[in-house]
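Spelled out, the chains give:
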Amino acid sequence: MRIAMIGTGYVGLVSGACFAEFGVEVTCVDKSSEKIAMLEQGRIPIYEPGLEDLVARHKAAGRLRFSTELAPALEGADAVFIAVGTPTRRGDGHADLSYVFSAAEEIAKLLTHPTVVVTKSTVPVGTGRRLRRLFDQLRPDLEIHVASNPEFLREGSAIEDFLRPDRVVCGVETQRAREVLAALYRPLNLIETPILFTTIETAELVKYATNSFLATKITFINEIADLCEAVGADVQQVARGIGLDGRIGRKFLHAGPGYGGSCFPKDTLALLRTGEMHGVQLRIVDTVVQVNEARKRRMVKKIVDAMGGEVAGKRIAVLGVTFKPNTDDMRESPSLVIVPALQAEGAELRVFDPEGRREGEKLLPGVVWCADAYEAMAGADATVVLTEWNVFRGLDLERARSLVRGPVLVDLRNVFDPERAIRAGFRYTGVGRGSIRPVD
Ligand code: UDX
């Protein structure tokens with residue numbers, strides 16, 4: 001099998017490399033000659049564990065190629081995947097589909113044989129149908145089969161998610177599209193992965209409904225965490241207690257400062273717009289979006305309160321700024337709200353993040369970047385954990401306590417064992433840990 005993957009962003013690159021792992025011949029195409037040159041030299045533009053090795057292996061085997069030219073990549077391709085960005089359109093929350101449609105127009109212009117064109121980018125319900133009409137208009141002479149194959153890749157574990165998915169969803173409307181997608185994903189039959197064939201609209205909606213449901217689950221536990229603090233309960237035990245009910249499930253019940261990233265904020269908003277366009281109220285998702293936005297801001301108050309109500313002139317160590325660990329991605333990260341708000345109140349911020357500095361330097365002006373957590377904490381009046389990087393779990397809290405000026409520790413990811421932190425001399429505040437009592 002042979003495919004072309006258009007777009008070497010996060011989704012395109014991971015999907016391209018993983019299809020090569022399935023034995024498919026893949027050409028990844030991108031307009032940015034800079035990106036393609038980097039990839040040809042074996043350098044990966046994003047941080048994703050395992051990706052560099054996977055790309056190197058399949059590049060060396062000749063199964064994975066990179067190019068700025070679409071025409072040669074289309075030659076003999078059984079399928080063309082569109083994996084370009086669909087950012088939130090400025091001002092109205094709709095997904096911006098201009099990159100998807102310009103890729104589709106180019107494909108239509110250059111194709112010389114019948115092919116399946118698959119959207120991998122997250123596109124609003126109805127996009128497949130619009131693409132179908134576009135191809136009918138531009139190339140009435142050619143059989144172009146449209147399909148939708150949404151991705152469910154988490155940053156930081158994207159390769160595992162692709163190679164061992166919970167399910168694969170394929171929206172198809174022709175037998176040919178079904179056959180090609182079934183053949184591409186055939187290696188997953190070995191591990192008995194459910195492969196769902198649906199209509200294109202259904203596949204498109206599965207993606208948005210999945211992310212909106214997960215965002216709802218997180219927001220639910222975040223509100224329960226607030227209640228735990230008020231009534232003296234422990235949200236982690238509540239999460240375990242409810243999560244062991246098979247109907248609920250244990251995953252995505254970690255309370256924190258609010259969800260961020262490139263998908264949940266964008267996809268929840270886009271689903272709301274789709275509902276509006278069709279006259280369907282999605283009140284739960286609407287509330288989730290509002291509660292999550294407000295939560296990021298409320299975390300600032302939590303930090304200020306923990307510091308006695310005043311942060312002007314105080315030094316705060318921030319551990320982690322990426323929206324989650326194992327990524328350098330800062331998109332919609334709670335840190336982008338919390339850090340500037342603390343600066344605006346007059347605090348001096350010292351920041352450490354294992355991978356976030358490069359992006360962070362652009363997005364968080366005026367902070368002092370440190371080489372590790374201890375350096376950030378040196379002389380700090382308070383320490384705030386914003387991302388649950390593993391390296392923080394292993395921190396020597398006694399050593400850290402000897403370095404800080406003030407003992408306030410605000411752990412917005414519940415990384416630390418509160419009793420251990422308190423024993424080391426910290427004044428500990430977690431999320432939803434209302435049952436913590438200071439030790440004697
Ligand atoms: C998500 C989806 O999981 C993935 O399937 C989709 O295709 C893209 O969007 P990603 O954004 O990489 O993946 O990260 P994810 O691990 O889902 O976390 C999203 C956000 O939710 C992060 O800010 C994370 O910190 C937060 N989160 C997640 C919680 O606050 N609590 C949880 O229990 C889980």
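Structure first, text after, so check above.
Residues numbered from 1 in each chain as written. Predicted model: local features only at pLDDT ≥ 70, side-chain atom pairs only at ≥ 80, totals over all residues. Heavy atoms only, no water.

Caption draft 1: Structural detail: the pairing of strand β6 (residues 144-148). For β6, a buried count of five out of five residues is recorded, marking the element as mostly surrounded by other parts of the structure. Where burial is concerned, the two faces of β6 agree: the one with I144, V146 and S148 and the one with H145 and A147 are both buried. Sheet topology note: the strand β5 (residues 115-119)/β6 ladder contains five bridges and is parallel. In the sheet register, V116 faces β6, and the bridge partner there is H145. Handedness of the crossover joining β5 and β6 through helix α6 (residues 127-138) is recorded here as right-handed. Inspection of the sheet shows β6 paired to strand β7 (residues 168-172) by two bridges, in the antiparallel sense. Its bridge partner being in β7, S148 is matched across the sheet by G171. (Buried < 20%, exposed > 50% of the residue type's maximum accessible area, 1.4 Å probe, protein only. Helix = DSSP H or I, 4+ residues; strand = E, 2+ residues; numbered from the N terminus. Pairing = 2+ DSSP bridges. Right-handed = clockwise from strand over helix to strand, strands pointing away.)

Caption draft 2: Representation of the sheet that holds β7. Taking strand neighbours across the sheet as the criterion, the eight strands line up as β3-β2-β1-β4-β5-β6-β7-β8 in an open arrangement whose pairing is mixed. Because the sheet does not close on itself, it has two edges, and the strands there are β3 (64-67) and β8 (195-198). Strand-to-strand twist of the sheet, defined as the mean angle between neighbouring strand axes without regard to direction, takes the value 25 degrees. Sheet strands in contact with helix α5 (residues 98-110) are β1 (2-6), β4 (79-82) and β5, and its direction is about 160 degrees off that of β4. Relative to β6, helix α8 (residues 175-184) is tilted by about 55 degrees, and along the sheet it contacts β1, β4, β5, β6, β7 and β8. (Axes fitted to C-alpha atoms, helices over the stretch in contact; angles between N-to-C directions. Contact = heavy atoms within 4.5 Å.)

Caption draft 3: Representation of unusual backbone geometry within the structure. In this structure, E332 takes a positive phi of about 55 degrees despite not being glycine. Mapped onto the fold, E332 is located in the loop between β9 (315-319) and α13 (335-344). Residue class for E332 comes out partly exposed when judged on its relative accessible area of 39%. You will see that N414, though not glycine, has its phi angle at about 50 degrees, which is positive. Looking at the secondary structure, you find N414 in the loop between β13 (408-411) and α18 (418-423). Residue N414 is classed as buried on the basis of its relative accessible area, which comes to 7%.

Caption draft 4: Structural view of the sheet that holds strand β12 (residues 382-385). Read from one edge to the other, the open sheet built from six strands follows the order β11-β10-β9-β12-β13-β14, with strand pairing classed as parallel. Two strands close off the open sheet at either side, each with one partner strand: β11 (368-369) and β14 (427-429). Where strand β10 (residues 348-352) and β11 come together, two bridges link them in parallel fashion. Within β11, the residue paired with R350 across the bridge is V368.

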